[in-house]
Amino acid sequence: MSAPNPVLQSIRDREFTYLLSGARLKVKQRMQKIDIGSVHLEPLNVGDVIDLPRWVGEVLINLGYCESAEESFASAVFQAVPREKIAGSEQLSTLRPDFYLKIRRHVDFAAETINLKPVEVSELEKTKTLIYDLIALRLRKILSVAASLSPSPDFREKLTPE
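As the structure is a prediction and not an experimental result, all values here were calculated from the model.

Visitor: What exactly am I supposed to notice about the pattern of salt bridges here?
Guide: If charged atoms from side chains of opposite charge come close, those side chains can pair. Across all of its chains, the model carries eight salt bridges by this definition. A salt bridge links Arg96 to Asp98, with the shortest nitrogen-to-oxygen separation between them at 2.9 Å. Look at Asp98 and you get buried, because its relative accessible area is 18%. One network of salt bridges, with partners in common, ties together Glu84, Arg138 and Lys141.

The structure is reproduced here in structure tokens:
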């Protein structure tokens, strides 16, 4: 049996932490008291906004009880691409440390639920294209700076853990 790859283990740990992080949801259907694992929900009414672990939120969204009350991942990507272009050829724009985790999780979640909302297929494809553009743009900048002899002092701070 081989030892686990430390990079893959680090990514899995970060994903697990992300799933345990809070998610803001808006209730779409009245719900009775629910116990999901160690999470206990009192009765909720339509329009209530609640904070729950992300994994519980995904279950409730899949079941149609809630919708996300957070900024859509598509708008986060649409904002990140122009910021990256404006930053210049040897500067990175600042991304949240969990940016790529959030994007990956949202793309996977959207792909799982796309059967429920086929209208969103084209938006998902456009967003994926922008994600690839953003990654390619950042990689070009990182490689360019890595090849240079004098990177800017704040460059390292703007790298995401991934």
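Anyway, onward from the coordinates.
Visitor: Explain helix 3 (residues 73–86) to me, please; I cannot follow it from the model alone.
Guide: For an α-helix, the turn length of 3.6 residues means that residues three or four places apart are oriented alike. Across its 14 residues, helix 3 extends 20 Å between first and last C-alpha, which sits within 8% of the 20 Å expected from 1.5 Å per residue. Within the sequence span of helix 3, burial applies to Phe73, Ala74, Ala76, Val77, Ala80, Val81 and Glu84. Projected down its long axis, helix 3 shows its buried positions confined to an angular sector of 150°, all on one face.

Visitor: Would you mind going over the nonpolar core with me for this structure?
Guide: In globular proteins that are soluble, nonpolar side chains generally tend to be buried together. Core analysis: the biggest nonpolar cluster contains 15 residues, and Val77, Phe99 and Ile103 have the highest contact counts within it. Elements that contribute at least two residues to this core include exactly helix 3, helix 4 (99–113) and helix 5 (121–147). Filtering out sequence-adjacent residues up to four positions away, Ile103 remains in contact with Phe73, Val77 and Ile131. Formed by 12 residues, the second largest nonpolar core is a distinct cluster that contains Met31, Leu52, Val56 and Cys66.

Visitor: Please explain the environment of Arg14 as it appears in this structure.
Guide: Relative to the helices and strands, Arg14 is located in helix 1 (residues 6–20). Sequence-wise, Arg14 and Tyr65 are 51 residues apart; in three dimensions their C-alpha atoms are separated by 27 Å.

Visitor: Help me understand the pairing of strand 1 (residues 22–27) in this model?
Guide: In summary, the side chains of a regular strand alternate between the two faces of the sheet. Where burial is concerned, the two faces of strand 1 differ: the one with Ala23, Leu25 and Val27 is buried and the one with Gly22, Arg24 and Lys26 is not. Where strand 1 and strand 5 (residues 66–68) come together, three bridges link them in antiparallel fashion. Residue Val27 lies in a different strand from strand 5, and its bridge partner there is Cys66.

Visitor: In this structure, what is going on with the packing of aromatic side chains? I would like to understand it.
Guide: The geometry of an aromatic ring pair is captured by the separation of the ring centres together with the interplanar angle, meaning the angle of the planes. Applying the stated criterion across every chain yields a total of one aromatic pair. Taking 5.4 Å as the distance between ring centres and 80° as the angle between the ring planes, the aromatic pair formed by Phe99 and Tyr100 counts as edge-to-face.

Cut-offs and rules
Residues numbered from 1 in each chain as written. Predicted model: local features only at pLDDT ≥ 70, side-chain atom pairs only at ≥ 80, totals over all residues. Heavy atoms only, no water. Salt bridge = Lys/Arg side-chain N within 4 Å of Asp/Glu carboxyl O. Buried < 20%, exposed > 50% of the residue type's maximum accessible area, 1.4 Å probe, protein only. Helix = DSSP H or I, 4+ residues; strand = E, 2+ residues; numbered from the N terminus. Expected span 1.5 Å × (residues − 1). Arc of directions from axis to C-beta. Core = buried A, V, L, I, M, F, W, Y, C linked by side-chain atoms within 4.5 Å. Contact = heavy atoms within 4.5 Å. Pairing = 2+ DSSP bridges. Phe/Tyr/Trp six-rings, centres within 6.5 Å; stacked < 30°, edge-to-face > 60°.

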